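Architecture and fold: a report
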Amino acid sequence: MTPEETAWRRSPDVAFVDDGLRVVALRLDREGGNSPVLLRDVTAVVWRTLMAPRTAAEVADSLASEDDARAQPVGLAQRGLDALLEAGLVVRCPPGVKQER
Amino acid sequence: LAEEQTATLRVGEAVELAHALLTRLAEIEGVRILFIKGPTAVLMGARPPRPSSDVDVLCEPGGMEKIGAALERCGWRRRVPESAKPQFVYAAKYLFDHSVHYIHDEWPCDLDIHFNFPGFFAPDDVVFEALWERRATVEVAHWPVHCADFLGQACIVGLHALREPEAPRSRADVDWLVGALARRGGAADQLAAVVQRTGCAESLEPLLRRTGATVLPDAWSDTDDRRSWRSRSAISGAATTAWWLELRATPWQQRPGVLYRALVPAPEHFVSGHLGAELTRGALLRLRARRLMRGLRAATSGWRRARTVGR
């Protein structure tokens, strides 16, 4: 599977609230040190696109199709995914999972 | 792209996320918990929608220590430390000791961990099992959490309201329950069965009367608990009454100390825990002044109530 074909999904160990203006996520996969994380701007938008597993290209398509379509959606999608990955909020989909959804 | 950052939580966000956090910790510790009141009661249709500022959970008997220790490992602490001097020595018997409050500097909500719920006269384990068997699962913060089902929540919301039956919010909650039970065919009779099993027929009587449910007498007759319920209901919503009761029972030479504690309590006894860290001296003074004014306004009615209790 190439990096472009890698699908990402929300970690099953994350609780979150989203009032439409901002997203606050909480990792629950480790005991202690559970600090809620505020997702802002594109990171929040990318998070919302991950209601189902998505590749970076699909996330970029979502960004490009928004009402306030963003410039350079591919770069933004990747940066959003990187930020979510770094925060431990998304995980790589096991092969086959995306196709089964 | 703004970087992610540790969030300054809003109350509503904190309340929802705390449901998920508590559920996860309870799962790790192998302790059964049921969310009660708050958002889950609203989701079950047993309470009118309104924002919550704390999280209420009923913990299975014997699980409190594990949950407390797990919370403390996550930075939560008891709102009033065990080492702190209790406010009431003599009047405590008229009040309900039923939960432990936890607070966290970064979370603007209290966690209220109940080891029982006032008004249920059956033993704690009987009550918990009765509610657990009927539990529902709902999503809060996109996380599945166990809560009391509609009838369980109805008992709890009703009992909570009937502790202070004259309060406007209590009246609204009871009215809501009467309507919600009427809309669900047969719910009042099903409620009666839960009531009998958990031993809250007497404490829920004002609600049951309005629903037309017939409740048989229950087997639980802990007279101390029932007396405490009657007294607490009689002095409902009146901290002033409790202070009068305390003062009345205290030996004369110790009364100045009680009076001082009543007028100038330690902050943890009257300030919401999550405000404590950021409260300025001026803000604390304003809170004290407001509390004092409320107390003075309620002094006469509190005295009258105190005279009817415990004699």
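About the cut-offs
Per chain, residue numbering runs from 1 following the sequence as it is written. The naming scheme follows written order: chains are lettered A onward, ligands numbered 1 onward. Local features in this predicted model are restricted to residues of pLDDT 70 or higher, and side-chain atom pairs are both shown and tallied only at a pLDDT of 80 or more, whereas totals for entire chains, interfaces and linings draw on every residue. Hydrogens are left out, water is left out, and the side-chain values use all remaining heavy atoms of the structure. The rule for a salt bridge is simple: a side-chain nitrogen of Lys or Arg has to be within 4 Å of a carboxyl oxygen of Asp or Glu. To qualify as a helix, a DSSP run of H or I must reach at least 4 residues; to qualify as a strand, a run of E must reach at least 2; elements of each kind are numbered from the N terminus. Each residue is assigned to one of three classes by its accessible area relative to the maximum for its type, calculated with a 1.4 Å probe on protein chains only: buried under 20%, partly exposed between the two thresholds, exposed over 50%. Per residue, pLDDT measures the predictor's confidence, with a range of 0 to 100. Stacked, tilted and edge-to-face are the three classes applied to pairs of Phe, Tyr and Trp rings, where Trp contributes its six-membered ring and a pair requires centres within 6.5 Å; stacked means planes under 30 degrees apart, edge-to-face means over 60, and tilted covers the rest. Distance and angle both matter: a charge sits over a ring if NZ of Lys or CZ of Arg is within 6 Å of the ring centre and within 35 degrees of the ring normal. DSSP calls a pair of strands paired once it identifies at least 2 bridges connecting them. Whether two residues touch is decided by their heavy atoms; if any such pair falls within 4.5 Å, the residues are in contact. Put simply, buried area is the surface a 1.4 Å probe can reach on two separate parts but cannot reach once they are joined, added for both. Pairs of N or O atoms are called polar contacts if they sit within 3.5 Å, as long as, within protein, a hydrogen donor faces a hydrogen acceptor (for residues adjacent in sequence, only side-chain-to-side-chain pairs). Asp, Glu, Lys and Arg are counted as charged, while Ala, Val, Leu, Ile, Met, Phe, Trp, Tyr, Cys and Pro are counted as nonpolar; the rest, among them Gly, fall into the polar class.

**Description of the pattern of salt bridges**
Residue and element names in this part refer to chain B.
- By the definition in use, this model includes 17 salt bridges over all chains.
- With a shortest N-O distance of 3.0 Å, Arg77 and Asp105 are connected by a salt bridge. Of this pair, Arg77 sits in strand β4 (residues 77-78) while Asp105 sits in the loop between β5 (99-104) and β6 (107-114); the two residues are 28 residues apart in sequence, bridging distant segments of the chain.
- For Asp105, a relative accessible area of 47% gives the class partly exposed.
- In this structure, Glu205 and Arg209 form a salt bridge, with 3.0 Å as the shortest nitrogen-oxygen distance.

**Examining the confidence of the model for chain B**
- Confidence in the prediction of chain B, expressed as mean pLDDT, is 85, and 85% of residues score 70 or more.
- Reported confidences for the modelled complex are a pTM of 0.81 and an ipTM of 0.87.

**Quick look at the packing of aromatic side chains**
Residue and element names in this part refer to chain B.
- The final tally for this structure, using the stated rule, is four aromatic pairs over all chains.
- Measuring from ring centre to ring centre gives 5.8 Å for Phe128 and Trp132, while their planes differ by 15 degrees; the resulting arrangement is stacked. Highlighted residues: Phe128 and Trp132, both in helix α4 (residues 124-133), separated by four residues, approximately one helical turn. Each of the two residues, Phe128 as well as Trp132, counts as buried.
- Stacked on the ring of Phe117, the Lys or Arg Arg163 has its end atom at 5.8 Å from the ring centre.
- The side chain of Arg184 reaches across the aromatic face of Phe150, ending 3.7 Å from its centre.

**Quick word on the side chain of Thr198 of chain B**
- Within the fold, Thr198 of chain B resides in helix α7 (residues 187-198).
- On the basis of relative accessibility, which here comes to 0%, the residue Thr198 of chain B falls in the buried class.

**Points about the environment of Gly212 of chain B**
Residue and element names in this part refer to chain B.
- Along the chain, the position of Gly212 falls in the loop between α8 (205-211) and α9 (223-234).
- For Gly212, a relative accessible area of 54% corresponds to the exposed category.
- C-alpha of Gly212 to C-alpha of Ala188: the two residues are 24 residues apart in sequence and 7.3 Å apart in space.

**What to know about the sheet that holds strand β5 (residues 54-55) of chain A**
Residues and elements named next belong to chain A.
- If you trace the three strands from one edge of the open sheet to the other, you get β5-β1-β6, paired in antiparallel fashion. The two strands at the open ends of the sheet, each matched to only one other strand, are β5 and β6 (90-92).
- Here strand β1 (residues 7-10) pairs with β5 via two bridges, running antiparallel. Residue pairing in the sheet places Trp8 in a bridge with Arg54 of β5.

**Notes on unusual backbone geometry**
All names here are of chain B.
- Of note in this structure, Lys37 is not a glycine but carries a positive phi near 55 degrees.
- Residue His142 is not a glycine yet carries a positive backbone phi of 55 degrees.
- With respect to the helices and strands, His142 occurs in the loop between β7 (136-140) and β8 (143-147).

**Description of the interface of chain B and chain A**
- Each partner contributes to the interface: chain B provides 27 residues, whereas chain A provides 27 residues.
- With both chains or domains summed, chain B and chain A bury close to 2400 Å², and 61% of this area falls on carbon and sulfur atoms.
- Linking chain B with chain A are two salt bridges, by the criterion used here.
- Between Arg22 of chain A and Glu13 of chain B there is a salt bridge, and its shortest N-O distance comes to 2.7 Å.
- Run the count over chain B and chain A and you get six residue pairs in polar contact (both at pLDDT 80 or more).
- Mapped by element, the contributors of at least two residues to the side of chain B that touches chain A are β1 (5-6), α1 (11-29) and α3 (64-73) of chain B.
- Here the side of chain B that touches chain A takes nine residues from α1 of chain B, the largest share from any one element.
- Split into classes, the residues belonging to the side of chain B that touches chain A amount to 14 nonpolar, four polar and nine charged.

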